[in-house]
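Fold and contact review
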Amino acid sequence: SRVPDHLRITFRVEDRGGDVVGEGKGLADLQQQLAPQLRQTMRRAAESVERKGLQQWAFGALPATFEQRVGDRVIQGFPAVVDHGDSVALEVLASQQERDVATRLGVRRLLLLNTTAPWKRVLALLTNSQRLALAHNPHGSVADLLQDCLAAAVDSIVAQRPGGQVLGPEEFEETLRIVRSQVVARVMDVIDLVEPLMVRSRQVELALAALTSPVMAAAKADMQAQLRSLLYAGFVADTGFAGLRDLERYLHGMLARCDRAPSQVSRDTERMDTVARVQAEYDGLVAALPATRRAGADVQVLRSMIEELRVSLFAQTLGTAHPVSEKRIYKAMDQLEYQV
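Since we're looking at a predicted model, the values are computed, not measured. (Residues numbered from 1 in each chain as written. Predicted model: local features only at pLDDT ≥ 70, side-chain atom pairs only at ≥ 80, totals over all residues. Heavy atoms only, no water.)

1. Some remarks on the nonpolar core
- In this structure, Trp57, Ile191, Val194, Val236 and Leu244 are the most contacted members of the largest nonpolar core, which totals 60 residues.
- Taken together, the elements giving at least two residues each to this core come down to β6 (88–93), α2 (96–113), α3 (119–125), α5 (142–159), α6 (169–209), α7 (217–230), α8 (235–239) and α9 (244–260).
- In this structure, tryptophan 57 is in contact with Leu62, Val81, Val107, Leu110, Val166, Leu167, Gly168, Pro169 and Phe172, ignoring residues within four places of it in sequence.
- In this structure, Tyr282, Leu302, Ile306 and Ala332 belong to the second largest nonpolar core, which totals 19 residues. (Core = buried A, V, L, I, M, F, W, Y, C linked by side-chain atoms within 4.5 Å. Buried < 20%, exposed > 50% of the residue type's maximum accessible area, 1.4 Å probe, protein only. Helix = DSSP H or I, 4+ residues; strand = E, 2+ residues; numbered from the N terminus. Contact = heavy atoms within 4.5 Å.)

Written as structure tokens, this is what we have:
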């Protein structure tokens, strides 16, 4: 995408009869545009194995791939457990990345459907300070926040399995047993990490409200956008148990920036411009990816690297989780583009 348009490859997708069904310079755009047709083709080929409305693991082990000959071609797909809210489905998806993302959420849903939510025991263990802190959340209600915490707790138990996956009925039953026996303790572990986030986010909101000078408008808007990207309905499970500690450091970094920026406006603007350059490159990279790739672990690592860059620029004394720089992030982006 960085070379003149006339030097870029034109991709053309044809059907079995040779008719053109899509054409363009962006392969990811074509993949997204033709995804419904591909899914329909895959569904027809895999109708003998796909199942819907499941609330139990009743379909054997997930094979690594599914292959079906259609005429003179072999269609290859990737069986996945797909979350449908009140049930799951066994579906054959078009890519391995799509399978991995969907199955993680599908297995979580199946575990939750077979586990009684432990709210009576959890609520009895909450302290008054925790109740007060959790009431300030981006979810709209404490109940929704706790559901988010439960999802993160279940994910963390699954992540402890060899390979971090559940791919068969025996693995599922063993994981379900562990979830049922450990879920209360794990939810409380998650809440112990979420409580200070809610306290710190309120402190950030108050600090941002105090930035009333017009010269701080750009920095204030930047931090408000950052806060929305970190804390939102569903952020607990999206961030994951292992990443919640980093969130508190990012919020602490925002407080440090609020404190220092008014006396260092020019320096803050320079650093903000650095982050803006990296963020623009990241946003462009993500937009060019197929939708099913955007939730990939490597994409999420890039996002966390940008947050670490913010810490290194605006709150150096807090330290970063790993060495980070604008150059390192661009190199990681190049590696991701190469893999795609």
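2. Considering the pairing of strand β5 (residues 73–83)
- As paired elements, strand β4 (residues 66–70) and β5 share five bridges and run antiparallel to each other. Paired with phenylalanine 66 across the strands is glycine 77, a residue of β5.
- With six bridges connecting them, β5 and β6 associate as antiparallel partners. Bridge pairing in β6 links phenylalanine 78 to leucine 93.
- Between β5 and β6, which pair antiparallel and follow one another directly, the connecting turn spans four residues, one of which, glycine 85, has a positive phi of 85°. (Pairing = 2+ DSSP bridges.)

3. Things to note about the packing of α2 against α5
- It is at 10 Å that the axes of α2 and α5 come closest, and there the two elements cross at 110°. Judged by the inter-axis angle, α2 sits roughly perpendicular to α5. You can see that α2 and α5 cross each other, and the crossing is right-handed. Every residue of α5 that contacts α2 at Arg104, Arg108, Leu111 and Leu112 is listed here: Leu150, Ala151, Val154, Asp155 and Val158.
- Each residue belonging to the contact of α2 with α5 can be placed in one class, and the counts come to six nonpolar, no polar and three charged. (Axes fitted to C-alpha atoms, helices over the stretch in contact; angles between N-to-C directions. Parallel < 35°, antiparallel > 145°, perpendicular 65-115°, else oblique. Left-handed = near helix turned anticlockwise from the far one by under 90°. Nonpolar A, V, L, I, M, F, W, Y, C, P; charged D, E, K, R; others polar.)

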